[in-house]
Amino acid sequence: MTKNKDLQNDFQKTIEGEPLSLSAEVGAVSIVGKYLKRFIYITGLAGIGLFVNACTATGYVASEPTYVESVRPERPSALHVWIDGDWIWSRHSHSYVRKEGHWQRQNQDRAYVPGHWQSTPQGNYWVTGHWQRDNH
């Protein structure tokens, strides 16, 4: 019987002590949770900032850069069309850099619309050339 009473006492002490250890664990979890929420919030804001920056990768210039014609390589086949070079905005130099032209196999039922400069009150920016569905 004494063993049974001792076990009951040990069990009772364990049960009574549990809320204290549980509250300490809950406190630690809430502190970690608080900082985790802050970390997720800051990381989310940084991600949104990077996304917006990547979407606005077009720069405005007061005047269009000068174009220097390069040598056009030989046409690979009659199925290829010449794609004029494009201007690409460099965030490092804050200027447009020329991308050389190339031969590309023509897309079926599509026509190539060459890139062009667009003028706005903010300045000029380059609209990249693209393939467009041919409406014939």
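What you are looking at is a predicted structure, and each value in this text was computed from that prediction instead of being measured. (Residues numbered from 1 in each chain as written. Predicted model: local features only at pLDDT ≥ 70, side-chain atom pairs only at ≥ 80, totals over all residues. Heavy atoms only, no water.)

K.L.:
Just checking my understanding: could you explain the overall build of the protein for this structure?
P.N.:
For the protein, the count of helices and strands is one helix and eight strands. Secondary structure elements of the protein, listed N to C terminal, follow the sequence α-β-β-β-β-β-β-β-β. Within the protein, the fraction of its 136 residues that count as buried is 14%. Taking the intrachain contacts of the protein between residues at least 6 apart in sequence as the baseline, contacts between residues at least 24 apart amount to 48%. Surface accessibility of the protein: about 11200 Å² in total, with carbon and sulfur atoms responsible for 59%. (Helix = DSSP H or I, 4+ residues; strand = E, 2+ residues; numbered from the N terminus. Buried < 20%, exposed > 50% of the residue type's maximum accessible area, 1.4 Å probe, protein only. Contact = heavy atoms within 4.5 Å. Areas by Shrake-Rupley, 256 points an atom, 1.4 Å probe, with all protein chains shown as cover.)

K.L.:
Is there a simple way to explain empty space enclosed by the protein in this structure?
P.N.:
Rolled over the atoms, a probe as big as a water molecule pinpoints where empty space is left. All told, the structure shown has one cavity of 30 Å³ or more when counted by the stated rule. Approximately 30 Å³ is the volume attributed to the largest cavity. Lining the largest cavity are Tyr-67, Val-68, Ser-70, Gly-85, Arg-98, Glu-100 and Gly-101. In terms of residue class, the lining of the largest cavity is made up of two nonpolar, three polar and two charged. (1 Å grid on protein atoms, 1.4 Å probe; cavity = no way out; pocket = protein on both sides within 12 Å on 5 of 7 lines; lining within 4 Å. Points joined across faces, edges and corners; volume = space filled by probe spheres on them. Nonpolar A, V, L, I, M, F, W, Y, C, P; charged D, E, K, R; others polar.)

K.L.:
Help me out: how do you make sense of the environment of Trp-87 in this one?
P.N.:
Tracing the backbone through its elements, the reader meets Trp-87 in strand β2 (residues 86-90). Given the relative accessible area of 9%, Trp-87 is considered buried. With 38 residues separating them along the chain, Trp-87 and Tyr-125 place their C-alpha atoms 9.3 Å apart. Setting aside residues up to four positions removed in sequence, Trp-87 forms contacts with Pro-65, Thr-66, Tyr-67, Tyr-96, Val-97, Arg-98, Trp-117 and Trp-126.

K.L.:
Which parts of the structure should I look at to understand the side chain of Ser-90?
P.N.:
On the secondary structure map, Ser-90 appears in strand β2. Those residues in contact with Ser-90, other than ones at most four positions away along the chain, are Ser-95 and Val-97.

K.L.:
Help me understand the confidence of the model for the protein, please; the structure alone is not making it clear to me.
P.N.:
Interpreting fine coordinate detail is not advised for predicted regions of low pLDDT. Of the residues in the protein, 77% reach a pLDDT of 70 or more, and the chain-wide mean stands at 79. In the model of the protein, helix α1 (residues 2-55) stands out as the element of lowest mean pLDDT, 68, in contrast to strand β4 (residues 102-105), which has the highest, 93. (pLDDT = per-residue confidence, 0-100.)

K.L.:
So what exactly am I meant to see when it comes to the nonpolar core here?
P.N.:
Counting six residues, the largest nonpolar core consists of Val-61, Trp-87, Trp-89, Tyr-96, Trp-117 and Trp-126. Excluding residues that lie within four positions of it along the chain, Trp-126 makes contacts with Gly-85, Asp-86, Trp-87, Tyr-96, Gly-115, His-116 and Trp-117. (Core = buried A, V, L, I, M, F, W, Y, C linked by side-chain atoms within 4.5 Å.)

K.L.:
Would you take a moment to explain the packing of aromatic side chains for this structure?
P.N.:
Aromatic ring pairs are reported here in terms of the distance separating the ring centres and the angle at which the planes meet. Evaluation of the coordinates by the stated rule reveals seven aromatic pairs. Ring geometry for Tyr-96 against Trp-117: centres 5.0 Å apart, planes inclined by 85°, an arrangement best described as edge-to-face. With a gap of 21 residues between them, Tyr-96 in strand β3 (residues 95-99) and Trp-117 in strand β6 (residues 116-120) connect regions that are remote in the sequence. Accessibility classification places Tyr-96 together with Trp-117 in one group, the buried group. (Phe/Tyr/Trp six-rings, centres within 6.5 Å; stacked < 30°, edge-to-face > 60°.)

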